[in-house]
Every structure is written in structure tokens, then in C-alpha cells.
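The primary structure of each chain is shown beneath.
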Amino acid sequence: MQAVVIGGGVVGSLIARELSRFRIKVVLVEKSEDIGQGVTKANSAILHGGYDDPPGTLRARFCAPGNLMFDKLAEELKFPVKRTGSIVVAKDRNELPKLEELLQNGINNGVKDLRIVGKNELRELEPHISDEFNYALFCGTAGITEPWMVAIASAMNVAANGGEVVTGEEVIGGKINEGRVTEVFLSSGRKIEADLVINAAGLFYEKVASAFNVNVPPVHLRKGEYILLDKKASELVNMIIFPLPTAAGKGKLVVPTVDGGVLLGPTSVELPEFSPEDVSTTDSGLTSVRESGEYLIPGIDNAKWFIKSFAGLRPETVQKDFYIKRAEELANFITVGAMRSPGLTAAPAIAEFVVSMIVPETGIDLVRRDDFVPCLEERVKIKELPAGKVSEMIDENPAYGRIVCQCNEVSEAEIVQAIRDGARTIDGIKFRTRAGFGRCQGGFCSWNIAKILARELKKDLSEVRQNSEGSWIVDGKVRQ
Ligand SMILES: Cc1cc2nc3c(=O)[nH]c(=O)nc-3n(C[C@H](O)[C@H](O)[C@H](O)COP(=O)(O)OP(=O)(O)OC[C@H]3O[C@@H](n4cnc5c(N)ncnc54)[C@H](O)[C@@H]3O)c2cc1C
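What counts and what doesn't
Residues numbered from 1 in each chain as written. Predicted model: local features only at pLDDT ≥ 70, side-chain atom pairs only at ≥ 80, totals over all residues. Heavy atoms only, no water. Helix = DSSP H or I, 4+ residues; strand = E, 2+ residues; numbered from the N terminus. Rg over C-alpha atoms; globule rule 2.2 N^0.38 Å. Buried < 20%, exposed > 50% of the residue type's maximum accessible area, 1.4 Å probe, protein only. Contact = heavy atoms within 4.5 Å. Lys, Arg positive; Asp, Glu negative; His and termini not counted. Charge placed at Lys NZ, Arg CZ, Asp CG, Glu CD. Pairing = 2+ DSSP bridges. Near = heavy atom within 4 Å. Polar contact = N/O pair within 3.5 Å; in protein donor to acceptor, adjacent residues only side chain to side chain. Areas by Shrake-Rupley, 256 points an atom, 1.4 Å probe, with all protein chains shown as cover. Nonpolar A, V, L, I, M, F, W, Y, C, P; charged D, E, K, R; others polar. Domains from an automatic or database assignment. Phe/Tyr/Trp six-rings, centres within 6.5 Å; stacked < 30°, edge-to-face > 60°. Lys NZ or Arg CZ within 6 Å of the ring centre and 35° of its normal. Buried area = accessible area lost by both parts, 1.4 Å probe. Core = buried A, V, L, I, M, F, W, Y, C linked by side-chain atoms within 4.5 Å. Axes fitted to C-alpha atoms, helices over the stretch in contact; angles between N-to-C directions.

S.K.: Describe in detail the overall build of the protein chain, supporting the description with residues and values.
M.R.: Helix and strand content of the protein chain: 12 helices and 23 strands. The C-alpha atoms of the protein chain give a radius of gyration of 23 Å, which matches the 23 Å a tight globule of 480 residues would have. The proportion of buried residues among the 480 residues of the protein chain is 56%. Within the protein chain, contacts between residues separated by at least 24 positions form 71% of all contacts whose residues are at least 6 apart in sequence. Once the 58 positive and 65 negative side-chain charges of the protein chain are each reduced to a mean point, those two points are 2 Å apart.

S.K.: I'd like a description of the pairing of strand S16 (residues 253-256), backed by residues and values.
M.R.: Each regular strand carries side chains that alternate between the two faces of the sheet. The side-chain alternation of S16 yields two buried faces, one formed by Leu253 and Val255 and the other by Val254 and Pro256. Here S16 pairs with strand S17 (residues 262-265) via four bridges, running antiparallel. Paired with valine 254 across the strands is leucine 264, a residue of S17. Turn length for the S16-S17 hairpin, with the two strands adjacent in sequence and antiparallel, is five residues, and the turn residue glycine 260 shows positive phi of about 100°.

S.K.: Hey, could you go over unusual backbone geometry for me, with residue numbers and the actual values?
M.R.: The amide bond that connects glycine 265 to the next residue, proline 266, takes the cis arrangement and shows omega of 0°. Note on placement: proline 266 falls in the loop between S17 and strand S18 (269-270). The amide bond that connects serine 341 to the next residue, proline 342, takes the cis arrangement and shows omega of 5°. Take proline 342: it is sitting in the loop between strand S21 (333-337) and helix H8 (343-358). One non-glycine residue, glutamine 441, adopts positive backbone phi at about 50°.

S.K.: Quick rundown of the site of the ligand? Include the residues and the values.
M.R.: Around the ligand, the structure places 37 residues, and the nearest of them are Glu30, Thr40, Ile46, Met339 and Thr345. Separating an oxygen atom of the ligand from a backbone N or O atom of leucine 344 is a distance of 3.2 Å. The separation between an oxygen atom of the ligand and a polar side-chain atom of threonine 345 is 2.6 Å. Burial of the ligand by the surrounding chains reaches 98%, relative to a free accessible area of 1,000 Å². Counting only elements with at least two residues in the shell around the ligand, the list comes to helix H1 (10-19), strand S2 (25-30), strand S19 (306-316) and H8. Partitioned by chemical class, the residues of the shell around the ligand number 17 nonpolar, 14 polar and six charged. Counting the residues that make up the shell around the ligand, at least three belong to each of domain 1 (2-40 + 147-219 + 319-362) and domain 2 (82-142 + 220-315).

S.K.: Describe the packing of aromatic side chains, with residues and values.
M.R.: Aromatic ring pairs: the centre-centre distance and the angle between the two ring planes describe each pair. What the rule picks out here adds up to nine aromatic pairs. Judged by centre distance (5.6 Å) and plane angle (25°), the rings of tryptophan 148 and phenylalanine 437 are stacked. Linking tryptophan 148 in helix H5 (residues 147-160) with phenylalanine 437 in the loop between helix H11 (426-433) and helix H12 (446-457), this pair joins segments that are 289 residues apart in sequence. A residue is classified by how much of its surface remains accessible, and phenylalanine 437, at 16% relative accessible area, is buried. Aromatic ring contacts, followed pair by pair, group Trp148, Phe431 and Phe437 into a single cluster. Positioned above the aromatic ring of phenylalanine 204, the side-chain terminus of lysine 31 is 3.5 Å from the ring centre.

S.K.: So what's going on with the domain arrangement of the protein chain? Residues and values would help.
M.R.: Segmentation of the protein chain into domains returns domain 1 (2-40 + 147-219 + 319-362), domain 2 (82-142 + 220-315) and domain 3 (382-463). Computed over C-alpha atoms only, the centres of domain 1 and domain 3 are separated by 31 Å. Around 670 Å² of area is buried between domain 1 and domain 3 when both sides are counted, 58% of it from carbon and sulfur atoms. Inspection of the region where domain 1 meets domain 3 yields two residue pairs in polar contact (both at pLDDT 80 or more). Of the residues in the side of domain 1 that touches domain 3, the class split is four nonpolar, one polar and two charged.

S.K.: I'd love a proper account of the nonpolar core, names of residues and values included.
M.R.: A general tendency of soluble globular proteins is for nonpolar side chains to be buried together. In this structure, Leu19, Ile324 and Val336 are the most contacted members of the largest nonpolar core, which totals 54 residues. Mapped onto this core, the elements with two or more residues apiece are strand S1 (2-6), H1, S2, helix H2 (58-77), H5, strand S13 (196-199), S21 and H8. In terms of residue count, H8 provides more of this core than any other element does, 10 residues in total. Leave out the neighbours within four places in its chain, and leucine 19 touches Ala3, Val5, Ile24, Val26, Leu196, Ile198, Val355 and Leu366. Core analysis: the second largest hydrophobic core is formed by 30 residues, Val27, Leu186, Ala194 and Ala327 among them.

S.K.: How would you explain the environment of aspartate 460 if you had to name every residue and give the values?
M.R.: With respect to the helices and strands, the residue aspartate 460 is situated in the segment after H12. Of the polar contacts made by the side chain of aspartate 460, one reaches the side chain of serine 462; its length is 2.6 Å.

S.K.: How would you sum up the sheet that holds strand S20 (residues 323-326)? Please name residues and give values.
M.R.: The strand order across the open sheet built from six strands is S9-S2-S1-S13-S21-S20, with neighbouring strands paired in mixed fashion. One side of each edge strand has no neighbouring strand; the edge strands of this open sheet are strand S9 (164-167) and S20. With strand direction ignored, the average angle separating the axes of adjacent strands in the sheet is 15°. One ladder, built from four bridges, connects S20 with S21; its direction is antiparallel. By the bridge assignment for S21, arginine 326 is matched with isoleucine 334.

S.K.: Account for the sheet that holds strand S3 (residues 46-47), naming residues and giving values.
M.R.: Two pairing modes exist for strands in a sheet, parallel and antiparallel, and in both the strands are linked by backbone hydrogen bonds. A sheet is described by the order of its strands in space; here three strands give the open sequence S3-S8-S4, paired in antiparallel fashion. Taken across any chain shown, the strands that pair with only one partner, and hence form the sheet edges, are S3 and strand S4 (81-82).

Written out as C-alpha cells, the structure is:
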């Protein structure tokens, strides 16, 4: 039996990994050059507690359990998780009922370690919070991660368990026979036999469904703009800080990142049409993000700390909920779409649910393997090792001593390992090793990374790309 999972974001990769526990060959197909480069790349990276998702929604059902699955998952797949905790801040007694409502909702949703704190404890938790705030809802299970690494590591684990990971190829349709998909067609012309198809195509779940003549709720996009701040800003921030939520969502936050920076944002703006390429930022959006950050943590709006701005797109439906369903039109086609926030947090619980509860509806009886290997080998990060250990490693392999990314101290040996793990572009290296993620955003190291990519992949430099088709680094030689 063979399952085809369409979409190598956090959702598709985790479902593919979950399927790998069973006796079914798994093929994960991603149209980008790399895994985890869709919605999974540009978001707040928060493992939400799960206290604000409305009762009765799939968001409420899967967020808190998904959150609690991350420690084991991180241990197995070797991606970072920091349980920073989070606070939702309120000014005075007039705003307290909103915190109490969130607390009660959280208790109903099964959220652990959730309580309202007063002024003194709030100052202990977050010493630089604005004096305006006197109460907060504290959630101890909230945390942060690197969402793209969750997807990349899951896909690597799929391959390690005998599955196939196809990148740079788009699913364009398939062959249908007696109400079931029997083959999936790729843009290259390749045809893959399929007993089961999972549509986890992120922003494109509706497009993929319609390629198989399946009806799903229409998608619209909601943009979120961010500013990334230098590590120096982290001196002002211990945990994830939310303002009181509004009808538009969770509000604009202050969020520490796992590598020591701070994010401000996101905005929440509905796009008038389906424009999945529109990840532009705007003056008004970034100004509002800065103002909100300053409102929560006075002094954080410091232009010297701004590193970059970026935007992510949320796939939304009018129901404002995830869509997880076997198609009525096709017995073996399952869509897992509309994965707006908290889709990252909920993803591990959703993967388990899809495989244990929805796949049986397709008539497929999955049999558990006894040789599934859940763990990946830890990848070396010399920045995190004691000096003595680094010297030993350099003695063994001098490439550990050649630092390519000065900002995040990433060595040539780590970059070569990332290429062996599947990185094919400069962004592929960046997201796996953090080379190019620091203060200079790759201004100094991209060129050297491009040369290492060309050398290791035996390509000409003109063939090395930043990320997608057309994002070349050099066009040709100006002198022979
Ligand atoms: C601004 C913003 C903030 C957010 N903050 C949080 C947060 O803090 N915490 C949280 O829990 N959630 C958050 N989310 C939600 C979370 O990021 C998403 O739920 C999650 O990343 C969705 O993952 P996915 O795998 O469904 O989509 P994607 O990551 O987009 O993956 C889908 C993949 O399918 C591929 N694909 C599409 N069509 C095809 C095709 N035809 N063939 C092959 N491949 C195809 C795409 O290239 C893409 O890589 C946020 C989202 C946004 C936008």
C-alpha cells in the first residue's frame, strides 16, 4: 500500500511521519525546493496554551493536546522547544473579566498551568512590562519553537523509515477509478500509485482539492506582518506577551525567538483576493507592530535593534476553524486544510487524529510496524558546545573550525551536514543551521554558503539559488 501526502509543511510532514509507523509506503510531495517553506516558515512560532480557542472548534480540541506532545517530539526529532510561558496582560479591574473568561475557557479546553496573577507576580515574571498593566493570565505550558525544523526533521524521519520525500514537484491531479484516487500526477510527468491521498497543501488546499474535483470550504488569506529584533532586545523580554484579544484575533505580540531574538507582531489584515505570493510588508502595518510592542514593553521600539520585516499568510475560512475531512466525492482523499493559528501547536495531535480516526474511514486498515525508528541523530551545533569539545571536534574535522556565519557561529562542517541532510538552496542551509539568520541576515556569509553548495552539489555557482526557481545568486562571470 502507498500513501501520498501533498504538502511538506508542518501538518503534512507530521502526518507523513505518523503514517510511517504503519505498514504503508509514504511519499511526501512538496512543490517548493525544500520542506517547511510555506506558512510554516513565517509565523509567530508559538506553542499556544490553548485557552482562547472557542469551545466546540477543532482548534479548541487539538491545541492543548498538541502543545503537550511537543516535548517528546522535540526529544525524538532534535528540534528546539523552549517553554517560556506566556502572559495576557490587562490594565485594571474593568479588564479582569476578560482574563477570567479566558481562564475558564482554558480550563474547559484542558489547558494546564493556567492562572491569573496580580501586579507583583506580573513584575517578577516580566520586569520590563509597562506600568499600565496590573493583571495577567499566565500560561506555563506556552512556549516557542522553530516550526520549519519540526517539518524538516519530520520529513527526514519519514525518509529514515523508508518513505520518499519529493521536493520541487507539484501535484497537479490524479487518476480516479470507481470513486477512489489510484494515481497522483506530478508536474514533472511522474505518476505515483496511491491507495491513500492526504491534501495538506496549506494555502493551496482548495486548489489541490479542485484538481481532484473535491469540494472544500473556500479559502481566503489573512496577512500578518512582523519585525524581527536583534538579540539585544531579549534583555527586555522573558516570555510571550499578549495584549487582550479582540474580535480580530490574539493581537500584536512580543515574542522571544528560540535563537535569542524578539519578534513584534503580527498584524491581521484580510487580503481582498487570493494572492498567495503577497508577503509584502507595509509602512502602516510595521508602524502598528512597533507601537503595540512599545505599548507592552516600553523601550522595545528601538530602531537600532530592527533586523528585518516579513509577513506570513493565514489560510482562513468563514468558519474560522481547521477543516479536516475525508472527501464525500473520493473515498480515499482526506483534506487537512484551513490551518490558521494555532495550526502549528495543534499539528502533532491532528496528525495522530487523522491517522487513527479519519484514515479508517477510507476503508484502509493500517497495521502497525514493529521496526519504526522515532528518533533522529542529533546534529552538531558548535555554538552550543563547550570550548574543549569544540577543539576535539576541530582536531577530528578542521571544517568545524572554519566559521562561515559569524553572527550565529555556524561552521563549514555544519553546512556540509545540512547539504547531506537535503538542503539544496541558501535558505535550505539557513533554516537548518541558522547561518544567515543573525544580525547581518546573510549579508556576509551567503556568498561563502553559495560556494560550499556549488562545491558539494557539484554545480556551477550560477545554478545555486536563494530559494525558489529564479532566485539565482550570480548570473555569470564578468571576467574570465
Ligand atoms: C502570521 C501567522 C502567525 C501564526 N502564528 C502561529 C503560532 O504562533 N502558533 C501556531 O500554533 N500557529 C501559528 N500560525 C499557524 C501555523 O503557522 C500554520 O497553521 C501552519 O504552519 C500550517 O502548516 P501547513 O503544513 O498546513 O501549511 P504550509 O506550511 O503552507 O505547508 C503546505 C505545503 O504544501 C505545499 N504545496 C501546496 N500545493 C502543493 C502541490 N500542489 N503539490 C505539492 N506541494 C504543494 C506548499 O508549498 C507548502 O509547503 C500562524 C500563521 C500565520 C500565517
